[in-house]
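Structural characterization, general
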Amino acid sequence: MDKNSKKKEIRKEILKHRRSLTEEEIRSGSHAIAEKILSMEVYQKAEAVYLYIDCKGEASVREIYEAALRDDKRIAAPRVHGEDMTFYYIHSMEEDLEPGYFAIPEPKTSLPEATDETALLLVPGVGFDPECHRLGYGKGFYDRYLSAHPKHPTIALALDFQIKEEIPSDTFDVLPDLVVTPTKVYRHS
Ligand SMILES: Nc1nc2c(c(=O)[nH]1)N(C=O)[C@@H](CNc1ccc(C(=O)N[C@@H](CCC(=O)O)C(=O)O)cc1)CN2
Ligand SMILES: Nc1ncnc2c1ncn2[C@@H]1O[C@H](COP(=O)(O)OP(=O)(O)OP(=O)(O)O)[C@@H](O)[C@H]1O
């Protein structure tokens with residue numbers, strides 16, 4: 001099977017599994033992930049955190065968002081423009097977002113564009129492998145963003161079922177520095 005068909009197959013399988021999760025599974029897994037990330041120096045030293053607005057069974061960034069607010073860090077979230085993604089600073093998930101690309105809440109364009117090139121960037125994903133290869137929705141938004149903004153430290157969040165033995169990789173893939181799950185931290189070699 002070619003690489004893209006293989007990716008499609010893995011994506012389909014993981015998304016199917018994701019739809020069967022309970023709120024409680026997502027909540028407890030996301031809590032364990034948040035505890036790990038919040039204890040890391042890379043979080044504690046970050047002046048800003050670029051997060052994603054989780055939906056449809058993705059690992060939740062809520063606790064990290066709340067901690068970052070308390071810790072007086074700047075917080076930014078992505079908005080899709082054509083093939084690209086721009087981050088905007090937000091103060092509140094309740095007030096600063098509106099429904100956007102595929103109904104994912106996105107920051108309003110009246111907000112200031114984020115300019116913190118060394119912010120800690122939290123990466124969403126559909127699947128990962130122990131070498132930190134990442135499978136997304138197949139549109140390449142994070143690969144393109146990270147190849148244009150290479151200075152961010154990056155941490156991907158995943159529940160354990162999202163880790164597969166091997167995700168086929170492409171030369172343009174930009175791997176996150178770490179993949180954090182409720183039970184493990186993966187770092188590529
Ligand atoms: N929470 C979150 N925000 C994000 C991303 C993400 O992965 N997660 N993105 C990362 O790139 C960007 C948006 N990328 C997306 C790319 C494709 C689809 C998409 O095709 N969705 C379809 C099919 C998914 C499915 O089969 O479930 C859909 O929602 O119907 C959605 C988002 C920016 N914001
Ligand atoms: N740096 C880049 N410059 C231009 N195109 C790119 C770049 N990175 C990825 N792409 C394009 O994006 C498409 C999707 O890539 P890939 O299958 O790796 O997506 P994905 O990582 O699963 O999805 P996503 O990043 O949206 O969550 C590819 O067809 C590729 O051509």
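Note that this is a predicted model, so its numbers are computed, not measured. Starting from 1, residues in each chain are numbered consecutively following that chain's sequence as written. The naming scheme follows written order: chains are lettered A onward, ligands numbered 1 onward. The predicted nature of this model means local features are confined to residues of pLDDT at least 70 and side-chain atom pairs, given and counted, to a pLDDT of 80 or more, with totals for whole chains, interfaces and linings taken over all residues. Side-chain calculation: all heavy atoms of the structure are included, whereas hydrogens and water are not.

1. Some details on the UniProt feature "binding site: substrate" (unreviewed entry) in the protein chain
Those residues carrying the UniProt feature "binding site: substrate" (unreviewed entry) are Ile53 and Glu58 in this numbering. Only DSSP runs of H or I reaching four residues or more are called helices, and only runs of E reaching two or more are called strands; each is numbered from the N terminus. Topologically, Ile53 is positioned in the loop between strand 1 (48–50) and helix 4 (62–70). Contacts: residue pairs with any heavy atoms within 4.5 Å of one another. Aside from chain neighbours lying at most four places away, what touches Ile53 is Glu58, Ala77, Met93, Leu97, Ile104 and Pro105. Summarising the element assignment, Glu58 is placed in the loop between strand 1 and helix 4. Only protein chains enter the area calculation, which uses a 1.4 Å probe; residues under 20% of their type maximum are buried, those over 50% are exposed, and those in between are partly exposed. Residue classification places Glu58 among the buried residues on the basis of a relative accessible area of 9%. Leave out the neighbours within four places in its chain, and Glu58 touches Arg18, Ile26, Tyr52, Ile53, Pro124 and Tyr137. Among the polar contacts listed, one links the side chain of Glu58 to the backbone nitrogen of Cys55, at a separation of 3.0 Å. UniProt positions are given in the numbering used here, feature names are shortened, and annotations may be inferred rather than shown by experiment. Nitrogen and oxygen atoms within 3.5 Å of one another constitute a polar contact, given that in protein one can donate a hydrogen and the other can accept it, and given that sequence-neighbouring residues count only through two side-chain atoms.

2. Let's talk about helix 1 (residues 3–19)
Between the first and last C-alpha of helix 1 there are 24 Å, a value that for 17 residues agrees with the 24 Å anticipated at 1.5 Å per step. Where helix 1 is buried, its residues touch strand 7 (127–128) and strand 8 (134–135). Of the residues that open helix 1, the one with a side-chain oxygen 2.9 Å from the backbone nitrogen of Asn4 is Asp2. Expected span of a helix: the number of residues minus one, times 1.5 Å.

3. Some points on the sheet that holds strand 6 (residues 120–123)
Should DSSP find at least two bridges between two strands, the strands are taken to pair. As summarised here, the arrangement of the 7 strands in space is 3-2-1-6-9-10-11, forming an open sheet in which the pairing is mixed. This sheet does not close on itself; its edge strands, each paired only once, are strand 3 (84–90) and strand 11 (185–187). Each strand of the sheet is rotated relative to its neighbour by a mean of 25 degrees, with strand direction disregarded. Direction of pairing for strand 10 (residues 178–180) relative to strand 11: antiparallel, over a ladder of 3 bridges. By the bridge assignment for strand 11, Val180 is matched with Val185. Contacts between helix 5 (residues 141–148) and the sheet are confined to strand 1, strand 2 (74–81), strand 3, strand 6 and strand 9 (154–157), with strand 3 contributing the most and set at about 75 degrees to the helix. Only the stretch in contact is used when a helix axis is fitted, and all axes are lines through C-alpha atoms; the angle between N-to-C directions ranges over 0 to 180 degrees.

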